[in-house]
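# Structure at a glance
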Amino acid sequence: MTLWIFGGLAAIIIGAIIILLFYYYNRIRILYNRIEEAWAQIDVQLKKRYDLVPNLVETVKGYAKHEKEIFEKVAEARQGMISGSREERMDSSNQLTSTLKSLFAVAENYPILKANENFKLLQEQLEGIENKIAYARQYYNTSVLNYNNIITTIPGSWFAGNRTKHAFLTIPEEERSPVKVKF
Amino acid sequence: MLKTTFSDEIAKNKRLSILLAISVSLILFFLIYFMMYFLIPELILIALPISAIIIIIYTYSSYRFGDTVVLSATNAKPADTKEYQYLRDTIEGLSIASGISTPKAYVIQSEDLNAFATGRNPENASIAVTTGLINTLNRQELEGVIGHEISHIKNRDILFMTLVAVLVGLAAIISHLIIRSLWFGARQDRRDKNGFMIFLLIIGVIFAIIAPIATRLVQYAISRKREYLADASGVSLTRYPEGLASALEKIANKNKGRINVSDAVSHLFFVDPKQTSLDSLFATHPPIKERIKRLRTM
């Protein structure tokens, strides 16, 4: 009789452990896949941006040929966006954001360029993509946070094996400081 | 933390949707039964299974095409031209941030500031905004409103709210028809039937009166908590409560009830399109002031 009770209890406990194991194994995998999916989202936007920038540069060149230095910087950052580690590619992308800002600042000096329909359209599209990159990065970091949480907290950490925390995508310095409004 | 909230909300909305579909089907079935009883009692045995099939088709198509019905009832048009690029970008950005596929964008021609989301799941969802909203709000404010709608999509509020609009909308129309047919039937000579028929007649009338009231109550009951929750989880996407708060402020100042929509869809909107602040007890939406207050104390 007691043998049956102990046997039954042992079976229940082992069953529960197996269910937990399955659950956490899958959960950790799903959360990890979500990070990969989030990166794919960023990747799409980076590629779109990569394809758009030459059009912009050509348009600007038509009006402001001698701003060579800026064109070079833009080309360099653009190239970095498609090769290297995630961190490196995001760095290049952030760099491109700031060089594009100075490119648009330069464009301010050329009223005819500023009025160019094509230029306006490109500027809009690039701004849209920049926003989407920011949102995709936010989703990426949220996914990383969820993943890191499950593998470092109990009971998830018992099932995580030798998985280590995933790295966040860092935010560039200028975005971290609060926006100052000047009047 | 927010994740469990979302999956809880999704489960709750699916449960409520099934419950609603079943109870509306039953109510409709009884309404049809009474109608049959008075109009064509001879055919009732053939008519009832047919009406059961019709109700099943009706419920399924409410689920499947409810969003199309709502979009055409509100006169929303696809926002696929170049001038709405900005709106589409904003919707795409926020859906990326929340990890759902990008909903379709629609616009409603109106000077009022309003928006709604509809659909049955995130893969089949649409967001409609008024032209007034696009023209009046700045980027942060628009993002706040779109973030709110994306949250409705993500936690499947849209499924339940669209079903309420379509299923309940028709129930109201049918009970309306019943009252009319009863008036009509009363004129014809049916008094040779006994007191039992009068008893049923009374019940039929009560049903026809209760139906629209009950449907109205369902509408009123569903929205308030959802709106606060969508405000909060929308802000967790934009990370900027003030954007949504100032959007609500502009809306409170500028809306004049200029969107002409049926009561059956008003609960879908970002703020009550009629905006009568008279009876807050039965309002589909929490008061705008309260929403702003909650956002500013976040």
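The sections below set out a description of the structure shown in this document. Here the structure is a predicted model, which is why all the values come from computation and not from measurement.

Another aspect to go through is the environment of A:I35. Mapped onto the elements, A:I35 comes out in helix α1 (residues 2-61). Distance in space between the C-alpha atoms of A:I35 and A:Y110 is 43 Å, their sequence separation being 75 residues.

Cis geometry is adopted by the peptide bond preceding A:P155, which originates at A:I154 and carries an omega value of 5°. By secondary structure assignment, the location of A:P155 is in the loop between α5 (117-152) and α6 (156-159). One non-glycine residue, B:N75, lies in positive phi territory at about 60°. The residue B:N75 is located in the loop between α2 (44-73) and β1 (77-78) in this model. Of note in this structure, B:R156 is not a glycine but carries a positive phi near 65°.

Attention shifts here to the nonpolar core. Counting residues in each nonpolar core, the largest one holds 44 residues, and the members touching the most others are A:I42, A:L56, A:V60 and A:Y140. Where this core is concerned, the elements lending two or more residues are α1, α2 (68-80), α3 (86-107) and α5 of chain A. Considering every element that reaches this core, the biggest residue donor is α1(A), with 14 residues. Formed by 37 residues, the second largest nonpolar core is a distinct cluster that contains B:Y84, B:I100, B:I158 and B:I292.

Below, the discussion takes up the sheet that holds strand β2 (residues 104-108) of chain B. Backbone hydrogen bonds are what pair the strands of a sheet, in a parallel or an antiparallel way. All names here are of chain B. Across the sheet, four strands lie side by side as β1-β2-β4-β3; this open sheet has mixed pairing. The sheet is open, and its two edges are formed by β1 and β3 (115-121), each paired on a single side. Set on the sheet, helix α3 (residues 85-98) makes contact with β2 and β4 (124-130); between it and β2 the angle comes to about 135°. Helix α5 (residues 139-154) contacts β3 and β4 of the sheet and is inclined by roughly 155° relative to β4.

The rules we used
Residues numbered from 1 in each chain as written. Chains lettered and ligands numbered in written order. Predicted model: local features only at pLDDT ≥ 70, side-chain atom pairs only at ≥ 80, totals over all residues. Heavy atoms only, no water. Helix = DSSP H or I, 4+ residues; strand = E, 2+ residues; numbered from the N terminus. Core = buried A, V, L, I, M, F, W, Y, C linked by side-chain atoms within 4.5 Å. Buried < 20%, exposed > 50% of the residue type's maximum accessible area, 1.4 Å probe, protein only. Pairing = 2+ DSSP bridges. Contact = heavy atoms within 4.5 Å. Axes fitted to C-alpha atoms, helices over the stretch in contact; angles between N-to-C directions.

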